[in-house]
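Structural overview
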Amino acid sequence: MRKKKQENFLDYVPKRNKLYEWDLNQKKYVEVAVVNRGLFNRIAQIIFRRPKVSRIELDELGSFIWQEMDGTRTVYELGIAVKSKFGKKAEPLYERLCEYVRILHNNRFIVYENKK
């Protein structure tokens, strides 16, 4: 029997999803614009005066990672860049980085370039 080859998460290549616009705010942090669609969001916009577009501000570390995700670097290479910029402030590095990338992917802010 052949052993099933396991994928290594550090080999994934994350890329920002083109459906979401983003820019830098005055503090030089990334803000991702999310359009609130759907029936419940429309009701909340009318009744509770919720905004049509929510702006999600990333922190310093998240903003750096977001800007580095260009569809060419692996998660491992992103970790090296984070370590060189933030040093011990980013520890535990790969546990945090992997969880952050998974959260961005689960919320559809990023896609993986090399994953089936």
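Scroll up to find the structure.
Residues numbered from 1 in each chain as written. Predicted model: local features only at pLDDT ≥ 70, side-chain atom pairs only at ≥ 80, totals over all residues. Heavy atoms only, no water.

1. Some points on the pattern of salt bridges
What counts is decided by this rule: The rule for a salt bridge is simple: a side-chain nitrogen of Lys or Arg has to be within 4 Å of a carboxyl oxygen of Asp or Glu. Secondary structure elements follow DSSP: runs of H or I no shorter than four residues count as helices, runs of E no shorter than two count as strands, and numbering proceeds from the N terminus. Three labels apply to residues, based on accessible area from a 1.4 Å probe with only protein chains included: buried if under 20% of the type maximum, exposed if over 50%, partly exposed otherwise in between.
What the rule picks out here adds up to 8 salt bridges. With its nearest N and O atoms 3.0 Å apart, the salt bridge here joins E31 to R55. Remark: R55 occurs in strand β4 (residues 53-57) and E31 occurs in strand β3 (residues 30-35); sequence separation between them is 24 residues. Taking the relative accessible area as the measure of exposure, E31 reaches 17% and is therefore buried. Of the residues examined, R55 reaches a relative accessible area of 42% and is grouped as partly exposed. Measuring nitrogen to oxygen at the nearest pair gives 3.2 Å for the salt bridge that ties E68 to R73. We classify R73 as partly exposed; its relative accessible area is 29%. A cluster of three or more residues bridged by salt bridges with shared partners is formed by D23, E31 and R55.

2. Quick notes on the environment of D11
Basically, it comes down to this: Whether two residues touch is decided by their heavy atoms; if any such pair falls within 4.5 Å, the residues are in contact.
Along the chain, D11 turns up in the segment before β1 (14-16). A C-alpha to C-alpha distance of 6.6 Å links D11 and Y76, two positions 65 residues apart in sequence. Those residues in contact with D11 that lie beyond four places of it in its chain are T74 and N114.

3. Here's the deal with the sheet that holds strand β2 (residues 21-24)
Applicable threshold: Pairing between two strands requires that DSSP report at least two bridges joining them. Only the stretch in contact is used when a helix axis is fitted, and all axes are lines through C-alpha atoms; the angle between N-to-C directions ranges over 0 to 180 degrees.
Strand order in the open sheet formed by 3 strands is β2-β3-β4, with antiparallel pairing between adjacent strands. Strand pairing shows two members of the sheet lacking a second neighbour, β2 and β4, which therefore form its edges. Strand after strand, the sheet turns through a mean of 25 degrees between neighbouring axes, direction not considered. Sheet topology note: the β2/β3 ladder contains 4 bridges and is antiparallel. Opposite W22, over in β3, you have V32 as the bridge partner. Most of the contacts of helix α2 (residues 60-68) go to β3, to which it runs at about 75 degrees, and overall it touches β2 and β3.

4. Some points on the environment of G79
Inspection of the secondary structure puts G79 in helix α3 (residues 75-86). For the pair formed by G79 and L10, sequence separation is 69 residues and the distance between their alpha carbons is 8.9 Å. If near-sequence neighbours (up to four positions away) are discounted, G79 is found in contact with L93, Y94 and L97.

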